[in-house]
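# Examination of the molecular architecture
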Amino acid sequence: MMHRSVNTVAKLGVMLALVLGAGYVLPETGQLMAPDYVAGDFKAFYPDARTKVVIYGAGNCPYCAEARAYLKQRNIAFVDFDVNDAAKGRQDYTALHGQVVPLILIGGRRLDGYNEKAIEDALEELSAS
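Report follows, based on the coordinates.

Procedures and definitions
Residue numbers run consecutively from 1 along every chain, following the written order of its sequence. Whole-chain, interface and lining totals are the exception, using all residues; otherwise, since this is a predicted model, local features are given only for residues with pLDDT of at least 70 and side-chain atom pairs are given and counted only at 80 or more. Just so you know, side-chain values use all the structure's heavy atoms and leave hydrogens and water out. Going along the chain from the N terminus, every DSSP run of H or I of four or more residues is numbered as a helix, and every run of E of two or more is numbered as a strand. We call a residue buried when its accessible area falls under 20% of the maximum for its residue type, exposed when it is over 50%, and partly exposed in between, using a 1.4 Å probe and counting protein chains only. Whether two residues are in contact is decided by their heavy atoms, any of which lying within 4.5 Å being enough. Areas reported as accessible are Shrake-Rupley estimates using a 1.4 Å probe. Residue values count occlusion only from the protein chains shown. Pairs of strands are assigned from DSSP output, requiring at least two bridges between the strands. Here, patches come from residues exposed beyond 30% relative accessible area and free of salt bridges, joined within 9 Å for like charges and within 5 Å for nonpolar side chains (Val, Leu, Ile, Met, Phe, Trp, Tyr). Put simply, a salt bridge is a Lys or Arg side-chain nitrogen that is within 4 Å of an Asp or Glu carboxyl oxygen. Residues scored as charged are limited to Lys and Arg (positive) and Asp and Glu (negative), so that His and the chain ends carry no count. A charge is said to be at NZ when it belongs to Lys, at CZ for Arg, at CG for Asp and at CD for Glu. The rule is simple: put a 1 Å grid over the protein atoms alone, call a set of points where a 1.4 Å probe fits but cannot get out a cavity, call an open set with protein on both sides within 12 Å along at least five of seven lines a pocket, and count a residue as lining if it has an atom within 4 Å of a point. Grid points are joined across faces, edges and corners, and a volume is the space filled by probe spheres set on the points. Charged residues are taken to be Asp, Glu, Lys and Arg, nonpolar residues to be Ala, Val, Leu, Ile, Met, Phe, Trp, Tyr, Cys and Pro, and polar residues to be all remaining types, Gly included. Polar contact criterion, stated in full: a pair of N or O atoms within 3.5 Å, where within protein one must be able to donate a hydrogen and the other to accept it, and residues adjacent in sequence count only if both atoms are side-chain atoms.

### Quick look at the overall build of the protein chain
Of regular secondary structure, the protein chain possesses four helices and five strands. The order of α-helices and β-strands along the protein chain, N terminus first, is α-β-β-α-β-α-β-β-α. For the protein chain, the proportion of its 129 residues judged to be buried stands at 29%. Here the analysis covers contacts within the protein chain between residues at least 6 apart in sequence; of these, 57% occur between residues at least 24 apart. In the structure as shown, the protein chain presents an accessible area of about 8,800 Å², 60% of it carried by carbon and sulfur atoms.

Here it is, written out as structure tokens:
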């Protein structure tokens, strides 16, 4: 009878560990499965017809600095708005319901966060259009 109780407790312990683990892992999995970009018409957020890339970032954000450096290394012209200092940047960021920086607009794509592959793909699509 003691053996049966130990088995039951062990099974309950394993089940509890799985449930707790799933509660921790599943939210992270959603992030991994999130699309790299959101497609849309972002023309209202470009300062002029020639501008095709806009970064909404913050001066103290290391990912924003990486995004800027990445675009500069590839000689990609972009407009840079600091969401903390520039009224237009803050206004646009709010209108876009921004939640992370950098928020990058490339043509008809919106990228939340710094993701080189997503930037490359968006730039390829932009040059193809």
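After that view of the structure, there is still more to cover.
### Structural notes on the pairing of strand 4 (residues 103-106)
Neither face of strand 4 is exposed, since Leu103 and Leu105 on one face and Ile104 and Ile106 on the opposite face are all buried. Here strand 2 (residues 53-57) runs beside strand 4; their pairing, made up of four bridges, is antiparallel. Of the residues in strand 4, the one forming a bridge with Val53 is Ile106. From the end of strand 4 to the start of strand 5 (residues 109-112), which pair antiparallel, there are two residues, and Gly107 there has a positive phi angle of about 60°.

### Focus: a negative patch on the surface
Among the surface-exposed residues, Glu66, Glu116, Glu120 and Glu124 lie close enough to one another that they form a single negatively charged patch. It is helix 4 (residues 116-128) that provides the largest number of residues to the negative patch, a total of three residues. With respect to the element layout, Glu124 can be found in helix 4.

### Let's talk about the layout of surface pockets
Approximately 190 Å³ is the volume found for the second largest pocket. Lining of the second largest pocket is provided by Gly40, Asp41, Phe42, Lys43, Tyr46, Asp48, Ala49, Thr51, Lys52, Gly107 and Gly108. Along the lines of polarity and charge, the residues of the lining of the second largest pocket split into three nonpolar, four polar and four charged.

### Re the side chain of Asp82
You can see Asp82 is positioned in strand 3 (residues 79-82). Salt bridges are absent for the buried Asp82, whose nearest opposite-charge side chain, Arg68, sits at 5.6 Å. At 2.7 Å, the side chain of Asp82 and the backbone nitrogen of Asn84 are in polar contact. Apart from residues lying up to four places away in sequence, Asp82 is in contact with Gly57, Ala58, Gly59 and Gly89.

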